[in-house]
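Close look at the chain arrangement
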Amino acid sequence: MNGYGFRHAARMERIKLGSVRSTWWLAIAAVVVMGAVGAGVGLGYRSHTPVATAAQILNNSLGGAIAAQLLLGALGVLVVTGEYGTGMIRSTFAAVPRRRVVLAAKVAVCGGAALTVGLVASFAGYLGGQLAIRGTAIPAASLGDPAILRPVLLTGVYLGATALIGVGVGTLLRHSGAAIGTLFGLMFVPMIVVGLFGESGIAVGRFVPLLMLLNSIAVTSPIPGLFAGWVSALLMCGYAALAILCGGVLLRYRDA
Amino acid sequence: MVPSVDWVIELRELTKRYGGRVAVDGLSVDVRPGVVTGFLGPNGSGKSTTMRMILGLDAPDRGQALIGGVPYADLRWPLKTVGALLDAGAVHPGRSARAHLAALAASNDIPRSRVEQVLRVVGLSEAANRRAGTYSLGMRQRLGVAVALLGDPGVLLLDEPVNGLDPEGIRWIRDLLRGLAAEGRTVFVSSHLIAEMALTAERLVVIGRGRLLAETTVDDLAAGADSLEDAFFRLTSQDTDYRGVGAS
């Protein structure tokens, strides 16, 4: 029986995640980019006629999530591939030979961190938009309104799930460039493909991450044909679980 | 410390293939506590692969590697039982030595004070907050030694520890390893430098092309040859994969 367990591995992963600069740069960039897009959207609508609605401002000011998902997805990938690329993975597996315990710890620590950063970034987008429209006739959106609070929270969840898809893809591919490229491809290519089918593409499009983000998760009311926001967010978590499971199966049999 | 059977490394018919190439071929050896055992062989003879299989990083195709009778993966606290210096690259270049050690210490419930202790032992206390990517090869080797010592283990596995060390560092590691063995620990050190092994090790395990060529002592190997180096070449001449010829 091993003396160590998930708790020990999680402490190791927490120290590792916090002690490389890329973690902090990617997290800060995700928050800044969402705040900036939110503010930019607000400024753009200030003198817009007809006067924008609260929903218009909110939906568009969360648009920075398109960039933030790439940053946090890369963060999730690097948590795994950063170790393979440098040989660190051998130190890690020598310390904790039960590899799935390591993967579970990475999922918990990286997922928790990315969810936190995702929520902060999402709130920054909301806040940027609201601050930029102050003093105009555009109605303010209150977080006390469930229709406003829901997309802000779900966008944070979406970003956290994207980081976990990154962890799964990183575990499968083990190479930073290949895994980040694949992750970005998974985010954008399906949307382009669905677009080719026009109106009828929606039946498939509602399962596509970026379309879910822009039309179901980060909006006050989903466009017809798409799932409710929370269903889309759960679907993203399901994709993450699938990627992590596949990675976990291969992890056991491959040489480190 | 009293030598313990829990610290014996047993290799039983250990075999590893990569594609069609046999890296380690039916290797059976016992490595005992109390002495430094040198693991010698030409480049590509399977030393590092054997080390990785002992640590459970690579899975053998056949046979097994046991530590105190159990596979590495079943050890209760791996770092408190076996300390390993892997190739000096087994560290993230963006992380400081202190954070690297603190993370590994946390994984095996080793107190934080031990991190500062091993940093002092290897002489990296001053540089401990610098990113490991800025270290020289010799400093990375010292960090690797600090990782190996972290859990105060009874078994030490070191893969080419003198690579990149200056003469002072080589003497330091030699004295350190002999001291650890004298305390009753099992010390298994790979090298392709026969002269260095002659000074550090008492027992020798010599392999070539993944097969055991000799299990002997430094004294016995040197007997009957002009030098230890000649004896080594005689032993491995049929089993050296990569050999240059004189430039003309």
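Residues numbered from 1 in each chain as written. Chains lettered and ligands numbered in written order. Predicted model: local features only at pLDDT ≥ 70, side-chain atom pairs only at ≥ 80, totals over all residues.

1. Re the overall build of chain B
Defined as follows: Helix and strand assignments come from DSSP, with helices taken as H or I runs of at least 4 residues and strands as E runs of at least 2, each series counted from the N terminus. We compute the radius of gyration over the C-alpha atoms and compare it with the globule rule, which gives 2.2 Å times the number of residues raised to the power 0.38. Buried means a residue has 20 or more other C-beta atoms within 10 Å of its own C-beta, exposed means 12 or fewer, and partly exposed covers the counts in between; C-beta atoms are placed from the backbone. The contact rule is simple: place each C-beta atom from the backbone, and if two of them lie within 7 Å, those residues are in contact.
Of the regular secondary structure elements, chain B holds nine helices and nine strands. A globule of 248 residues ought to have a C-alpha radius of gyration of about 18 Å, and chain B, at 18 Å, matches this closely. Oriented by its inertia axes, the alpha-carbon framework of chain B measures out at about 50 × 45 × 40 Å. Here chain B, with 248 residues, has 49% of them falling under the buried criterion. Sequence-distant contacts in chain B: of pairs separated by 6 or more residues, those separated by 24 or more amount to 71%.

2. A look at the overall build of chain A
Of the regular secondary structure elements, chain A holds 11 helices and zero strands. If you list the helices and strands of chain A from N to C, you get α-α-α-α-α-α-α-α-α-α-α. Principal axes of the C-alpha set define a box for chain A whose edges measure 65 × 40 × 30 Å. For chain A, contacts bridging at least 24 residues in sequence account for 80% of all contacts bridging at least 6.

3. Considering helix α5 (residues 88–95) of chain A
The buried count for α5 of chain A comes to eight of eight residues, which makes it a mostly enclosed element. Those residues of α5 of chain A that fall on the buried side of the exposure criterion are Met88, Ile89, Arg90, Ser91, Thr92, Phe93, Ala94 and Ala95 of chain A.

4. Some details on the packing of helix α3 (residues 54–61) of chain A against helix α6 (residues 99–132) of chain A
All names here are of chain A. Going by this rule: Here, axes are lines fitted to C-alpha atoms. For helices the fit covers the stretch in contact, and angles between N-to-C directions go from 0 to 180 degrees. For classification purposes, angles smaller than 35 degrees are called roughly parallel, those larger than 145 roughly antiparallel, those between 65 and 115 roughly perpendicular, and all remaining angles oblique. Two helices crossing with the near one rotated counterclockwise from the far one by less than a right angle form a left-handed crossing, whereas a clockwise rotation gives a right-handed crossing. We call Asp, Glu, Lys and Arg charged. Ala, Val, Leu, Ile, Met, Phe, Trp, Tyr, Cys and Pro are nonpolar, and the rest, Gly among them, are polar.
It is at 8 Å that the axes of α3 and α6 come closest, and there the two elements cross at 135°. Judged by the angle between their axes, α3 and α6 are oblique. Taken as a pair, α3 and α6 cross one another with a handedness that is right-handed. Facing α3, whose interface residues are Ile57, Leu58 and Ser61, α6 presents Gly125, Tyr126, Gly128 and Gly129. Grouping the constituent residues of the contact of α3 with α6 by class yields three nonpolar, four polar and no charged.

5. Looking at the sheet that holds strand β6 (residues 155–159) of chain B
All names here are of chain B. The condition that has to hold: When DSSP finds two or more bridges between two strands, those strands count as paired.
Overall, mixed pairing links the six strands, which are arranged β5-β6-β7-β3-β8-β9 in an open sheet. With partners counted over all chains shown, the strands left at the sheet margins are β5 (82–85) and β9 (211–217), one partner each. Across the sheet, the mean angle from the axis of one strand to that of its neighbour is 15°, orientation sign disregarded. Note that β6 and strand β7 (residues 186–191) share five bridges and pair parallel. Counterpart to Leu158 in the pairing with β7 is Val189. Across the sheet, helix α6 (residues 167–182) lies against β3 (36–40), β6 and β7, angled at about 150° from β7, the strand it touches most.

6. A few points about the packing of helix α4 (residues 65–86) of chain A against helix α8 (residues 176–195) of chain A
All names here are of chain A. Following both chains from N to C, one finds α4 and α8 inclined at 155°, their axes separated by 9 Å at the closest point. Comparing the axis directions of α4 and α8 gives the class roughly antiparallel. Viewed along their axes, α4 and α8 form a crossing whose handedness is right-handed. On α8, the residues that touch Gln69, Leu70, Gly73, Ala74, Val77, Leu78, Thr81, Gly82 and Gly85 of α4 are Ser176, Ala179, Ile180, Leu183, Phe184 and Met187. Residue classes in the contact of α4 with α8 are distributed as nine nonpolar, six polar and no charged.

7. Re the nonpolar core
The line we're drawing: As used here, a nonpolar core is made of buried Ala, Val, Leu, Ile, Met, Phe, Trp, Tyr and Cys residues. They are joined through C-beta atoms within 7 Å.
With 163 residues, the main nonpolar core has Ala30, Leu72 and Tyr158 of chain A together with Leu101, Ala146, Leu150 and Leu157 of chain B as its most contacted residues. When near neighbours in sequence (up to four residues on either side) are disregarded, Leu150 of chain B contacts Leu79, Gly83, Leu101, Leu104, Ala105, Ile110, Arg114 and Val118 of chain B.

8. Let's talk about the sheet that holds strand β4 (residues 62–67) of chain B
All names here are of chain B. Taken together, the three strands give an open sheet; going across it, the order is β2-β1-β4, and neighbouring strands pair in antiparallel fashion. Both edges of this open sheet fall to β2 (21–31) and β4, since each of them pairs with a single strand only. The mean angle between the axes of side-by-side strands here comes to 20°, regardless of whether they run parallel or antiparallel. Relative to the sheet, helix α1 (residues 47–54) contacts β1 (9–18), β2 and β4, its axis offset from that of β1 by approximately 115°.

9. Points about the interface of chain A and chain B
Opposite the 29 residues of chain A that make contact, chain B presents 31 residues. Elements supplying a minimum of two residues to the side of chain A that touches chain B: α1 (6–18), α2 (21–45), α4 and α5 of chain A. For the side of chain A that touches chain B, the residue count by class is 13 nonpolar, nine polar and seven charged.

10. What about the pairing of strand β8 (residues 203–208) of chain B?
Residue and element names in this part refer to chain B. With six of its six residues buried, β8 lies for the most part within the structure. A two-sided burial pattern is seen for β8, the buried positions comprising Arg203, Val205 and Ile207 on one face and Leu204, Val206 and Gly208 on the other. As judged from the four bridges shared by β3 and β8, these two strands associate in the parallel manner. Looking across to β8, one finds that Gly38 is bridged to Leu204.

11. What to know about the environment of His92 of chain B
Inspection of the secondary structure puts His92 of chain B in the loop between β5 and α3 (97–107). In this structure His92 of chain B comes out as buried when scored by C-beta crowding, with 26 C-beta atoms within 10 Å. Setting aside chain neighbours within four positions, we find His92 of chain B in contact with Val20, Gly82, Glu83, Thr86 and Met88 of chain A together with Ala132 of chain B.

12. A closer look at the confidence of the model for chain B
Here is the rule we go by: The predictor reports its confidence for every residue as pLDDT, a score running from 0 up to 100.
Averaged over every residue, the pLDDT of chain B is 92; residues scoring 70 or more account for 96%. Two numbers describe this predicted complex: its pTM, 0.94, and its ipTM, 0.94.

13. A few points about the pairing of β5 of chain B
Residue and element names in this part refer to chain B. Burial along β5 is two-sided: Val82 and Ala84 facing one way and Gly83 and Leu85 facing the other are all buried. Where β5 meets β6, four bridges bridge the pair, whose relative direction is parallel. In the sheet register, Leu85 faces β6, and the bridge partner there is Leu158.

14. With respect to helix α7 (residues 146–173) of chain A
Residue and element names in this part refer to chain A. Test applied: For a helix, the expected span equals 1.5 Å multiplied by the number of residues minus one.
Between its terminal C-alpha atoms α7 stretches 40 Å, which fits the 40 Å expected from 28 residues at 1.5 Å a residue. Of all 28 residues that make up α7, 23 are buried, and the element is covered over most of its length. Immediately downstream of α7, the backbone of Arg174 shows phi near 65°, a positive value.

15. Observations regarding the environment of His100 of chain B
Following the sequence through the fold, His100 of chain B ends up in helix α3. With 91 residues separating them along the chain, His100 of chain B and Ser191 of chain B place their C-alpha atoms 25 Å apart.

16. Re unusual backbone geometry
With the exception of glycine, the majority of residues adopt a negative phi angle, and the majority of peptide bonds are in the trans configuration. The amide bond that connects Thr49 of chain A to the next residue, Pro50 of chain A, takes the cis arrangement and shows omega of -5°. If you trace the backbone, Pro50 of chain A turns up in the loop between α2 and α3. Located in the positive-phi region is Asp109 of chain B, a residue other than glycine, with phi close to 55°. Relative to the elements of secondary structure, Asp109 of chain B occurs in the loop between α3 and α4 (112–122).

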